Amino acid sequence: MHHFNTPRLCRIDEVDAKFLEFKLTPEQKARLPEGKKIVFRKSTHPQKGKGYRQFVSRAEYTSSEPGKRGRAVSIASKLLGVIWDDDPEWIYETDKSKSSIKARRVEATKKAEKSKRLVAGMLCRMFSDTIEYDRTAVLVKKIPVPLFLAVAVLCASRGITDATSVANYWNQNLSYLRKVLPHEELNEISHDSVRRIYLSLKAETVERFLSNFYEWLPKWLPEDARRHIAIDGQTCRSSRHVETNRRMMLLNAVDVTAGKLCMTHTMIDTKSNEPKYVPDILGKLNVEGALVSLDALSTNQGIASEITRRGGFYMLAVKGNQMKLEAAIKAEMSKVKADVENSEELRQVPYENEHYRNEKRHYVVLPANRLPQELRTGWIGLDEGCIIQALTTSFRSNKAGEWSTSREIRYFITNHPYQDGSHDEWLAECIRGHWGVESFHWTMDMLWQQDYMQCKHPAYLNTREAIAKLGHNLLKTFQQIDKKERGLSRMRSEKQLQNEVGITVENGLIWLLKAIQERESRQS
């Protein structure tokens, strides 16, 4: 599997004359007889027991002797790449750092170190350009903080963000950092230094880190370019605010269509609630043309107006906090005769402990102008929008093999135009996608131990959470790159990739370089 660390050059069937051409030295040109023409031809050389073939370009001319058939005479050859036995359709770049010729090894090593130095510098600039410190905080001056944050993000891609582990990761990779960045004064640090750095950063700075990094990462978006952003809060269960002794909360904005990347977050005051911070987080996002979904807690006309004013579409859950609106939607849905039982085939979903959960989902989308005018007043765009009923019927089995049935009905309003009903499938996808933000929260809890972050200072939690989400976004990007490189039908899990990415700073920089190359190829 060594070829996954080297880039692909091109497919075998796409090799042309331009790809095979290479520059000849004067000595090689002198071997060409007068009047003969050079032709570049491809050739492969099997390497016994090594799992690959060498792909070689040969500069040849055709000799002709009287009464004999012409034969090809080689005057030069060049190794262009290798073809691995387990991926025979692609030509991969050779790893020149393992060449038998010392000069090539030295040159390749210098080139690789230069690339990693540029990647490290780029990541440091991303942090240093926006960094601001709290005036009351104790500053750490023994190391460059932007470089530390870059290393902390690579460490976070492994699911590690606590102060002691990050300090150990820095100290273990210190010799390599000094080698790559010889002009920097780098020293060992303790967990107290990491804690002070976490506490010293302003909340606005941390949130800019998240949003800037999200914008920079390459994204795999659907062809129709429709975007869905889910906004939802999450409690850090092990945290306790130093003043109120209440659990601290964060409001997250997640780009569902880009693979559940975290766009930004904001801390919620322990004496406040989610809806008051939704307009603030919307101001940090580009929601133009996107559908923004929120829970029933944030279903109010002010938030709907703010999303519409910014050029987006809202999708808001309707529950008991909007009693009259919910009653009116139920009344309209009851008038629609839908054969729920036969509307969609039953599908089986793998469940833990080899049990299964059978689910049937049914969505009813109606024009919102069926609602009374007095209920639509104040909800901007709802006259042309939709009301939606989502019905989920689940059949679950327990460990004893006993089955039970449950039904859940949810209602939503959106200012997305109803038109002729052609967007029903997209709206249903967004309803399911909003619950995808819960899987994001689960991932942060299980892989980044968000529920076990024991702290009492909001600044510490804010920075540590942001670094964890930067690591999550990075790992999500690496999943896509890994899938593309290996030619997999589906991505490997984040847990699997965590064991391979960011083991050392050098390894993390190699993966970052792949992300940069992917980003550049998409831009071109």
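All values derive from a computational prediction rather than experimental measurement. Going along each chain's sequence as written, the residues are numbered from 1 onward. Where totals are concerned, whole chains, interfaces and linings use all residues; where local detail is concerned, this predicted model gives features only for residues with pLDDT of at least 70, and gives and counts side-chain atom pairs only at 80 or more. Processing note: side-chain calculations cover all non-hydrogen atoms of the structure and skip hydrogens and water entirely.

*Asks:* For this particular structure, what's the right way to read empty space enclosed by the protein?
*Replies:* One simple way to see leftover space: roll a probe sized like a water molecule over the atoms. The definitions used throughout rest on a 1 Å grid laid over the protein atoms alone, on which a cavity is an enclosed set of points accommodating a 1.4 Å probe that cannot get out and a pocket is an open set flanked by protein within 12 Å on both sides along at least five of seven lines; lining residues are those having an atom within 4 Å of a point. Grid points are joined across faces, edges and corners, and a volume is the space filled by probe spheres set on the points. Taken as a whole and judged by the stated rule, the model has 1 cavity of 30 Å³ or more. One number sums up the size of the largest cavity: a volume of about 50 Å³. Lining the largest cavity are A120, L123, L147, A150, V151, L154, L177, V505 and L509. Helix numbers and strand numbers start at the N terminus; a helix is a DSSP run of H or I with at least 4 residues, a strand a run of E with at least 2. Considering every element that reaches the lining of the largest cavity, the biggest residue donor is helix α4 (residues 145-156), with 4 residues. Tallied by class, the residues present in the lining of the largest cavity amount to 9 nonpolar, no polar and no charged. Note that Gly is not counted as nonpolar here; it falls among the polar residues with everything else outside the nonpolar set of Ala, Val, Leu, Ile, Met, Phe, Trp, Tyr, Cys and Pro and the charged set of Asp, Glu, Lys and Arg.

*Asks:* Just checking my understanding: could you explain the pairing of strand β13 (residues 386-397) for this structure?
*Replies:* Successive residues of a regular strand alternate their side chains across the two faces of the sheet. Exposed residues in this analysis have more than 50% of their type's maximum accessible area, buried residues have under 20%, and partly exposed residues fall in between, with area computed by a 1.4 Å probe over protein chains only. Counting buried residues in β13 gives 10 out of 12 residues, a clear majority hidden from the surface. Relative to strand β14 (residues 403-414), β13 runs antiparallel, the two being bridged by 12 bridges. What sits directly across from A390, in β14, is R410. A pair of strands counts as paired when DSSP detects no fewer than two bridges linking them.

*Asks:* How should I be thinking about the packing of helix α14 (residues 436-447) against helix α15 (residues 458-486) in this particular structure?
*Replies:* When two helices pack together, their arrangement is captured by the angle between the axes and the distance separating the axes. Axis geometry follows a simple rule: fit a line to the C-alpha atoms, using only the stretch in contact for helices, then measure angles between N-to-C directions, giving values from 0 to 180 degrees. Packing of α14 against α15 leaves a shortest axis separation of 11 Å and a crossing angle of 110 degrees. Between α14 and α15, the angle falls in the class roughly perpendicular. By crossing handedness, the relation of α14 to α15 is classed as right-handed. Where α14 approaches α15, its residues F440, T443 and M444 are matched on the opposing element by A468, K469 and H472. A class-by-class count of the residues in the contact of α14 with α15 yields 3 nonpolar, 2 polar and 1 charged. Convention used here: angles under 35 degrees read as roughly parallel, angles over 145 as roughly antiparallel, angles from 65 to 115 as roughly perpendicular, and any remaining angle as oblique. Helix crossings get a hand from a simple test, with the near helix turned counterclockwise from the far one by less than a right angle marking a left-handed crossing and a clockwise turn marking a right-handed one. Residue contacts follow a heavy-atom distance rule, with two residues in contact if any of their heavy atoms lie within 4.5 Å.

*Asks:* Would you mind showing me how to read the pattern of salt bridges here?
*Replies:* Two side chains that carry opposite charge are able to pair once their charged atoms sit near each other. The term salt bridge refers to a pairing of a side-chain nitrogen on Lys or Arg with a carboxyl oxygen on Asp or Glu at a separation within 4 Å. Per the counting criterion, the structure on display carries 23 salt bridges. R309 is the salt-bridge partner of E306, the closest N and O atoms lying 2.9 Å from each other. With E306 and R309 both in helix α10 (residues 301-309), this residue pair falls 3 residues apart, about one helical turn. Its salt-bridge partner being E326, residue K330 comes within 3.9 Å of it at the nearest N-O pair. Of this pair, K330 and E326 are both found in helix α11 (residues 323-335), 4 residues apart, which corresponds to roughly one turn of the helix. Its relative accessible area of 39% is what places K330 among the partly exposed residues. Residues joined in a network through salt bridges with shared partners are D482, R486, R492 and E500.

*Asks:* I tried to follow the side chain of S293 on my own but got confused; where do I start?
*Replies:* Note on placement: S293 falls in strand β9 (residues 291-294). Sequence-distant contacts of S293, defined by excluding residues within four places in its chain, comprise H228, I229, A230, I231, M315 and H434.

*Asks:* What's the story with unusual backbone geometry in this structure? I'm lost.
*Replies:* Residues apart from glycine generally show negative phi values, whereas peptide bonds are mostly found in trans. Its identity as a non-glycine residue notwithstanding, K260 has a phi of 65 degrees, on the positive side. Relative to the assigned elements, K260 resides in the loop between β7 (248-255) and β8 (261-268). Classification of K260 as partly exposed rests on a relative accessible area of 26%.

*Asks:* I'm lost on the packing of aromatic side chains in this one. Help?
*Replies:* Working definition: an aromatic ring pair is given by the centre-to-centre distance plus the angle between the planes. Whether two aromatic rings pair depends on their centres lying within 6.5 Å, for rings of Phe, Tyr and Trp, where Trp uses its six-membered ring; planes under 30 degrees apart make the pair stacked, over 60 edge-to-face, and the rest tilted. All told, the structure shown has 8 aromatic pairs when counted by the stated rule. We call a charge positioned above a ring when the Lys NZ or Arg CZ atom is no farther than 6 Å from the ring centre and deviates by at most 35 degrees from the ring normal. The aromatic ring of Y214 is capped on one face by K219, whose charged end is 4.4 Å from the ring centroid. Over the ring of W220 we find R522, and its NZ or CZ is 4.3 Å from the ring centre.

*Asks:* How should the side chain of T130 be read in this particular structure?
*Replies:* For T130, the location among the structural elements is in the loop between α3 (102-128) and α4. Residue contacts for T130: discarding those within four places in its chain leaves T205, R208, F209 and N212.

*Asks:* Even after reading the chapter, I still don't get the packing of α15 against helix α17 (residues 505-523), so can you show me in this structure?
*Replies:* Running from N to C, α15 and α17 cross one another at 75 degrees; their axes reach a closest spacing of 10 Å. The pairing of α15 with α17 is recorded here as roughly perpendicular in orientation. Here L474, T477, F478, I481, D482, K484 and E485 of α15 come into contact with α17, specifically with W511, L512, K514, A515 and E518. For the contact of α15 with α17, a count of residues per class yields 6 nonpolar, 1 polar and 5 charged.

*Asks:* In this structure, what is going on with the pairing of strand β3 (residues 52-63)? I would like to understand it.
*Replies:* Relative to β3, strand β2 (residues 39-47) is paired through 9 bridges, and the arrangement is antiparallel. Its bridge partner being in β3, T44 is matched across the sheet by F55. Where β2 folds back on β3, the antiparallel hairpin that results is connected by 4 residues, among which G49 adopts a positive phi of roughly 80 degrees.

*Asks:* Sorry, what's going on with the environment of V56 here?
*Replies:* By secondary structure assignment, the location of V56 is in strand β3. Remark: the alpha-carbon pair of V56 and L509, spanning 453 residues in sequence, is separated by 30 Å. In this view, V56 contacts R41, K42, S43, H45, S77, K78 and L79; residues no more than four positions away in its chain are not counted.

*Asks:* Any chance you could explain a positive patch on the surface here in plain terms?
*Replies:* The patches described consist of residues with a relative accessible area above 30% and no salt bridge, like charges being joined within 9 Å and nonpolar side chains (Val, Leu, Ile, Met, Phe, Trp, Tyr) within 5 Å. Per-residue and other accessible areas follow the Shrake-Rupley method at a 1.4 Å probe size, with only the shown protein chains counted as cover for residues. By the counting scheme adopted, Arg and Lys are positive, Glu and Asp are negative, and His together with the chain ends is not counted. The location of each charge is read from NZ of Lys, CZ of Arg, CG of Asp or CD of Glu. A cluster of basic side chains, namely K142, R195, R196 and K456, defines a positive patch on the protein surface. Along the chain, the position of R196 falls in helix α7 (residues 191-200). In this structure R196 comes out as partly exposed when scored by relative accessible area, which is 36%.

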